[in-house]
Every structure is written in structure tokens, then in C-alpha cells.
There are 2 protein chains.
Amino acid sequence: MSEPRLVEVRKNVLKQNDVIARGLREQFRAAGVFVVSLVSSPGSGKTTFLEKTLTLLQPRYRVAALVGDLATENDAKRLARSNAPVKQITTGTLCHLEAAMVQRALEDWNLQELDFLFIENVGNLVCPSSYDLGENLRFVLLSVTEGEDKPLKYPTIFNSADVAIVTKIELAAAVEFDWEAARKNIQSVRPGMKVFRLSAKTGQGMEEYFSFLAEQLAELRAQVQV
Amino acid sequence: MSEPRLVEVRKNVLKQNDVIARGLREQFRAAGVFVVSLVSSPGSGKTTFLEKTLTLLQPRYRVAALVGDLATENDAKRLARSNAPVKQITTGTLCHLEAAMVQRALEDWNLQELDFLFIENVGNLVCPSSYDLGENLRFVLLSVTEGEDKPLKYPTIFNSADVAIVTKIELAAAVEFDWEAARKNIQSVRPGMKVFRLSAKTGQGMEEYFSFLAEQLAELRAQVQV
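Residue indices follow the written sequence of each chain, beginning from 1 at its first position. Chains carry letters from A onward and ligands carry numbers from 1 onward, assigned in written order. Given that the model is predicted, a residue must reach a pLDDT of at least 70 before its local features are reported, and side-chain atom pairs must reach 80 or more before they are shown or counted; all residues, however, enter totals for whole chains, interfaces and linings. Side-chain metrics in this entry use all non-hydrogen atoms of the structure; hydrogen atoms and water are not considered.

A.B. asks: Give a detailed account of the interface of chain B and chain A, specifying residues and quantitative values.
C.D. replies: Taken together, the 48 residues of chain B in the interface contact 49 residues of chain A. Here the quantity called buried area is the accessible surface, traced with a 1.4 Å probe, that two parts lose on coming together, added over both. Of the roughly 3,800 Å² buried where chain B meets chain A, counting both sides, 57% is carbon and sulfur surface. Just to be clear on terms, a salt bridge is a Lys or Arg side-chain nitrogen sitting within 4 Å of an Asp or Glu carboxyl oxygen. Summed over the shared surface of chain B and chain A, the result is four salt bridges. The salt bridge partner of Lys153(A) is Asp75(B), with a shortest N-O separation of 2.7 Å. In the analysis that follows, any N or O atom pair within 3.5 Å is treated as a polar contact, provided that within protein one partner can donate a hydrogen and the other can accept it, and provided that, for residues neighboring in sequence, both atoms belong to side chains. At the boundary of chain B and chain A, one finds 13 residue pairs in polar contact (both at pLDDT 80 or more). Three residue categories are used. Nonpolar comprises Ala, Val, Leu, Ile, Met, Phe, Trp, Tyr, Cys and Pro, charged comprises Asp, Glu, Lys and Arg, and polar comprises the others, including Gly. Per-class residue counts for the side of chain B that touches chain A are 20 nonpolar, 13 polar and 15 charged. Throughout, a contact is declared for two residues whenever any of their heavy atoms are within 4.5 Å.

And the structure:
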């Protein structure tokens, strides 16, 4: 295996990504927009969660989303039902978003017209972890149907994220989800990590998470004095 | 982005992988062992499915498994309860198994003592698709909780697989799983793909899948005349 050479080239790609991500972060800050990225395994409910988020935040804030996917534009179509501006980024065979893709997708958007920008990554618990997208916070979603062991099995992505969102809690009883074990596993990988438990389907737990977002935006605005 | 150079190096890695995979395939064939690899998103139930498979096949066949994971040896521990020989391959930050890892893991095993070898890949619907492991068949698992759209969103992995296994069907009603839509999506990405629907938890649908495995082994043995 020519692993060492691959690793070296990969390092250069990552470095370039970091430079672009830094530029994005400054741009977001200057515009006073709070940026959240979402990572998770495929099928954890990122798009449903994001659709609910956009729909419910829309009356109170100016929100928009970028959604990454390998092949289809289905997510953008689903999210467009929220009436928020949404743009799809198709990555082909690439298993993650990169800062340059986000930069290109935002070229014709005026960030100053936004309060929150959400970036939904490709469904993957491995690849997105090393790519900074300039976001303020990275949310890792974990659905109750996936099992409590995922933080231990994919520690890098849980480590790279700031907030864990346990989704589909309306199914917790049906799958005998052990919240205490999940909590312990998350904390062992990322001590002190903030965790929300919610159901995008029933709406349970969404308000607490919205309050958290509102606080984050207020803090950002206080800092940058937009 | 230095994408072109990365792509070029990646091609060399893939080519080397194919050479090793070809060697493995010949080795498996010579030993008369039928090899199945499992790919899926994290949390689709690969390990539960594999544990049930090993436990139920064990009285009838000589079975063993290799399990890939980034960080933990939990899967091997779970699978060891089946009493079948099981070896864990930890990949670090790599999002897929490679043929060389399988080769190393098998070094001290006598393949002629086996009827079936199962290889559980890292939970990922993107990366494992390009890496041949020398397997006879690749199964892609899709749990009903992930949604019917996954074949459309991850077409490459569905294309690279031979059989689709729809898992956790005991939860189909709770998540309002639309089997007809899932079937249509699978067939549109991979026309004619064989699909099993089963529950490793209740055992429903497992016997039909075991019959299929038995046929595959019989065919292989007829060809190689072990």
C-alpha cells in the first residue's frame, strides 16, 4: 500500500481546506451570521431535523441552508418546503464537504441577510471529521435506532463536534434505547459535551434547542456588534 | 484544492488493493470457503445481523468472521458470544477495510477449516465501495429506520454490492417504512438486485437468507470440487 504518500497528499489537502475555512469563518463573523454544521450517519434524520428547524425558526429569524449529498438533490427539494433559501452541493463520490465547496455555494448569497446558516454534511461518521467548514458549531446527530455504542465506535467525529443531538426519541421505547449508556458513552469520548434529546417528528425537545441557538446568536452579535 | 494529485495517488492505492484482493479471491476459492462482506451505514444492525448469522449457522457450518471498526474491539467481543472464531481489525481513522488488512488478519487462520467467512466492514455508505476484499458476495444492509431514499443517495455502494438486506423489519410499522418505495429505489440503482427483508431480533426472514447462503456454498463447492 502506498499509504504514506497518500497521507502526505491528504495533509496538503487538509491544510488548504483549513486556510479556506479560516476565510469563511471571518466572513461569517463579519456578516454576523451564526453557522451550524450537521454531521451524522446516513439515516439519522439530519434532513428531517433541518426541515423542522428551518420551518420553525423562519418566523423568528432569517435562516438558510446548504446541503451536501453524493448524488441527488432530494434534500434541497425537501428543505425548500420550509421556504428558506436552500442550495444543494453534490459531491460525486466524495464522502464529505470541503470548505471550498461551501465557499463556491455561497458566492451569490448575501450573508448579511442571514441570522443562521445551516450546513448539512454528507451522511458519514468518519470522513467529515477532519474538514473544518468555518462553522461556529458542529452538531453530531445520533438517532436512538443506531444504538448507544456509536460514540465509542466513531470517537473522532464525536470529538470534532461541539454538540450532540439524540434524534428520533419517539422511537426510544420501541428500540429499547438506553439513554444512560448513550450519555455515558458520549461523555467518555467528549467530556462535558452538550447534548439535546429531541424528536423532529413530534417536536418534543425542539424548543430547548432553539433557546440554545438564540443564546448563541445573541452572544455572537454582542461580540461583533452588528 | 490539490484534488487531481490526490485522485492520482488514490488510483494507485486502489490498484494495489485490487492486486491483493485478486490473490485473496484465489486463496478463498482454493480453500473452498464462501466469503461474504457486509457494508452499511453505522447503526444499520450489521453486528446484530452477523451475531445471529454466526449463532444460527454454527451448528450446520464452520463459520468465522472478521470485523472492521475504527477504534473499539466491542464488535469482536459481541460476536465471540456466538463461539465462532472472530478477529477484530481496527482501522484507526480509515473509513473502510482494505484487502491488505484482510490478508494480514487471515495469516494465522486455516481457511480450509471454514465453510463461510464473513467480513464486516466499517460502518460507512461511501468509502468501502471502491475496495475489493476478494469476497464472493457483498451485502449492503439498509435498516427500515434509515429511510427508503438511501439507495438513491448512496448509489455507488448499492451498485458495488450484490445483495441488499433490509434489516430491523420489526420496526417497519413504527417508522412507517414504505417497502414499495424502497424496493423501487433499490431496483432503479441496481436493477435485478436480490433483496432480503429480515429481523435479526425476531428471526423473521432469516431462514430464507440461510437457504440462499447454502445454495451459494453448494455452487462454489461444485465448481472447485473440494
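A.B. asks: I'd love a proper account of the relation of the copies chain B and chain A, names of residues and values included.
C.D. replies: We superpose the copies by least squares over the C-alpha atoms of residues that have a pLDDT of at least 70 in both of them. The two copies are related by a screw operation: chain B maps onto chain A through 180° of rotation and 0.0 Å of translation along the axis, at an RMSD of 0.0 Å. Within this description, the copies of the chain are treated as partners about a two-fold rotation axis.

A.B. asks: So what's going on with the packing of aromatic side chains? Which residues, and what values?
C.D. replies: Pairing of aromatic side chains here covers Phe, Tyr and the six-membered ring of Trp, requires ring centres within 6.5 Å, and sorts the geometry by plane angle: under 30 degrees stacked, over 60 edge-to-face, intermediate tilted. For the structure on display, the rule yields 16 aromatic pairs over all chains. With a centroid separation of 5.0 Å and an interplanar angle of 35°, the aromatic rings of Phe49(A) and Tyr209(A) are classed as tilted. Residue Phe49(A) is found in helix 2 (residues 46–57), and its partner Tyr209(A) is found in helix 8 (residues 206–224); the two are separated by 160 residues along the sequence. Measuring from ring centre to ring centre gives 6.2 Å for Phe196(B) and Tyr209(B), while their planes differ by 65°; the resulting arrangement is edge-to-face. Taken as a pair, Phe196(B) in strand 7 (residues 194–197) and Tyr209(B) in helix 8 (residues 206–224) lie far apart in primary sequence, 13 residues in all. Both residues of the pair, Phe196(B) and Tyr209(B), count as buried. Grouped by ring-pair contacts, the aromatic residues Phe49(A), Phe139(A), Phe196(A), Tyr209(A), Phe210(A) and Phe212(A) constitute a single cluster. Placement of a charge over a ring requires the Lys NZ or Arg CZ to be within 6 Å of the ring centre, with the centre-to-atom vector within 35 degrees of the ring normal. The positively charged end of Arg197(B) is found above the aromatic ring belonging to Trp179(B), 3.9 Å away from the centroid. Going along the chain from the N terminus, every DSSP run of H or I of four or more residues is numbered as a helix, and every run of E of two or more is numbered as a strand. When accessible area is computed with a 1.4 Å probe and restricted to protein chains, residues below 20% of their type maximum are described as buried, those above 50% as exposed, and intermediate ones as partly exposed.

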